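# Working through the structure, step by step
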Amino acid sequence: MWDTIDNLKKQLDNFQPQTVADVEALRVGILGKKGSLTRLFEAFKDVDPAEKKELGKQLNLLKNKVQETVDRHRERLAATAAQNISGDDLTKPAGLIHTGSRHPIAIVQREILDIFRKMGFSVEEGPEIEDDWHVFSALNFAPDHPARDMQDTFFINTDSDNPVLLRTHTSSVQVRTMEKQKPPIRVVCPGRVFRNEAISARAHCIFHQVEGLYIDEKVSFADLKQSILLFVREMFGASAKIRLRPSYFPFTEPSAEVDVNCNICGGAGCNICKNTGWLEIMGAGMVDPNVLKASGIDPEKFSGFAFGMGVERIAMLKWQVRDLRLYFENDVRFLEQFQGGLL
Ligand code: PHE
């Protein structure tokens, strides 16, 4: 019996199966109903009692060794088989997965919209390819008004009285909202706008705006100022200040340019704020009665304010990015620095 045990041990040590079937054959040959070890266990009954203790121990150890050998070879062959199928080493640790993140312009746009949503504004969107009516005429731009030059327009089709063009501001969405909705109206309109401008560090021919419109009975300039102040404090911090300067837009009267105090130099003056301590962030004003009339809203009963800002400009101030073009080149080394929330 001891010889058989020794032989079995050697067989296990030298075992080099090529296939899972080889492993199974070994297992059946040793542990199966008529297997060599099974037969040894049967013969164990008739063994001299003096030898039983040691022999029993050896038989059990051998049984464990068989099982361990079978398991080890099975696992090894299964891994090799998987590798052969996929051509890859499936036991290799996985590489890093880059999940990506939102574009900085999208992050800032969402932040702007969230602030206004908290103030009760809802979000409206409209087409990028527009007509003259919604971009200019309904907004009180007279046909030959020089203000049309303020926003150098990309025209698509000028054959009709109402040319088709790329919108130069999202005020067009405000017009569409006034046409389909009765006051009270409280909307913010985000979107891409297009202007025929030379591309530089400070200007691009495509950029993003968020414009806002609030129309109700008795809306005043104080409401405008307070809403913008609230927005600026949420966006730039509780100590942010604003300053309004008189300006001109055909669709608002009075009109203003809104500045925020420069958070880069803290007011001391730097090259970003051109040594003034202030940075221009948006245009704003009380909606001109002619604009209300053009969209079928009674200017005797209702008044409103409007404002419009460039998202890239807010993003530049927030992150102190000095070249606007970086936002459009989509260089991953630039983009991956903004972790303002995943999808
Ligand atoms: N539409 C203007 C622009 O694009 C911004 C603006 C909106 C100004 C609303 C006043 C009121 O420059």
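Residues numbered from 1 in each chain as written. Predicted model: local features only at pLDDT ≥ 70, side-chain atom pairs only at ≥ 80, totals over all residues. Heavy atoms only, no water.

### Overview of the environment of F41
With respect to the element layout, F41 can be found in helix 3 (residues 36–44). Between the alpha carbons of F41 and G56 there is a distance of 8.4 Å; along the sequence they are 15 residues apart. If sequence neighbours within four positions are ignored, F41 has contacts with L59, N60 and K63. (Helix = DSSP H or I, 4+ residues; strand = E, 2+ residues; numbered from the N terminus. Contact = heavy atoms within 4.5 Å.)

### Here we look at the confidence of the model for the protein chain
The predicted model of the protein chain has a mean per-residue pLDDT of 90, with 97% of residues at 70 or higher. When mean pLDDT is taken per element in the protein chain, strand 1 (residues 122–123) scores highest with 98 and helix 4 (residues 49–86) scores lowest with 86. (pLDDT = per-residue confidence, 0-100.)

### Focus on the sheet that holds strand 8 (residues 252–261)
Pairing within the open sheet is mixed, and its 7 strands lie in the order 1-5-6-10-9-8-7. Edge positions in the sheet fall to strand 1 and strand 7 (242–249), since each of these pairs with one other strand and no more. One ladder, built from 5 bridges, connects strand 9 (residues 278–287) with strand 10 (residues 303–310); its direction is antiparallel. Directly across from G285, in strand 10, lies its bridge partner A306. Its contacts with the sheet put helix 7 (residues 171–180) on strand 5 (185–194), strand 6 (206–216) and strand 10, and the angle it makes with strand 6 is roughly 35°. Along the sheet, helix 8 (residues 221–236) contacts strand 7, strand 8, strand 9 and strand 10; its crossing angle with strand 9, the most-contacted strand, is approximately 150°. (Pairing = 2+ DSSP bridges. Axes fitted to C-alpha atoms, helices over the stretch in contact; angles between N-to-C directions.)

### Here we look at the domain arrangement of the protein chain
Note: interface size is frequently given as the accessible area lost on complex formation between the parts. The domains assigned to the protein chain are domain 1 (2–85) and domain 2 (104–338). Centre-to-centre separation of domain 1 and domain 2, based on C-alpha positions: 81 Å. (Domains from an automatic or database assignment.)

### Focus on the sheet that holds strand 2 (residues 129–131)
Taken together, 3 strands build an open sheet; the order of strands is 2-4-3 and the sheet is antiparallel. The open sheet has two edge strands with one neighbour each: strand 2 and strand 3 (155–157). Each neighbouring strand pair of the sheet contributes to a mean axis angle of 35°, computed without reference to strand direction. With 3 bridges joining them, strand 2 and strand 4 (residues 164–166) adopt antiparallel strand pairing.

### Details of the site of the ligand
Near the ligand there are 14 residues, and of these H169, S171, R195, Q209 and E211 occur at the shortest range. A distance of 3.0 Å separates a nitrogen atom of the ligand from a polar atom in the side chain of H169. With respect to the ligand, the side chain of E211 contributes an N or O atom lying 2.7 Å from a nitrogen atom. In the complex, the protein chains occlude 92% of the 320 Å² of accessible area that the ligand would expose alone. Counting only elements with at least two residues in the shell around the ligand, the list comes to strand 6, strand 9 and strand 10. (Near = heavy atom within 4 Å. Polar contact = N/O pair within 3.5 Å; in protein donor to acceptor, adjacent residues only side chain to side chain. Areas by Shrake-Rupley, 256 points an atom, 1.4 Å probe, with all protein chains shown as cover.)

### A closer look at the environment of V311
Mapping V311 onto the fold places it in helix 10 (residues 311–319). Sequence separation between V311 and G191 is 120 residues; the distance between their C-alpha atoms is 9.3 Å. If we ignore the near neighbours within four places in the chain, the residues touching V311 are I105, V108, Q109, I112, H208, Q209 and V210.

### A few points about the pattern of salt bridges
Under the definition given, this model contains 15 salt bridges. A salt bridge links K118 to E234, with the shortest nitrogen-to-oxygen separation between them at 3.2 Å. Residue K118 is found in helix 5 (residues 104–118), and its partner E234 is found in helix 8; the two are separated by 116 residues along the sequence. Accessibility expressed as a relative area gives 65% for K118, which makes it exposed. Note that D259 is salt-bridged to R245, the shortest N-O span being 2.8 Å. Of this pair, D259 sits in strand 8 while R245 sits in strand 7, placing them 14 residues apart in sequence. Salt bridges sharing partners connect three or more residues here, namely R243, R245, D259 and E280. (Salt bridge = Lys/Arg side-chain N within 4 Å of Asp/Glu carboxyl O. Buried < 20%, exposed > 50% of the residue type's maximum accessible area, 1.4 Å probe, protein only.)

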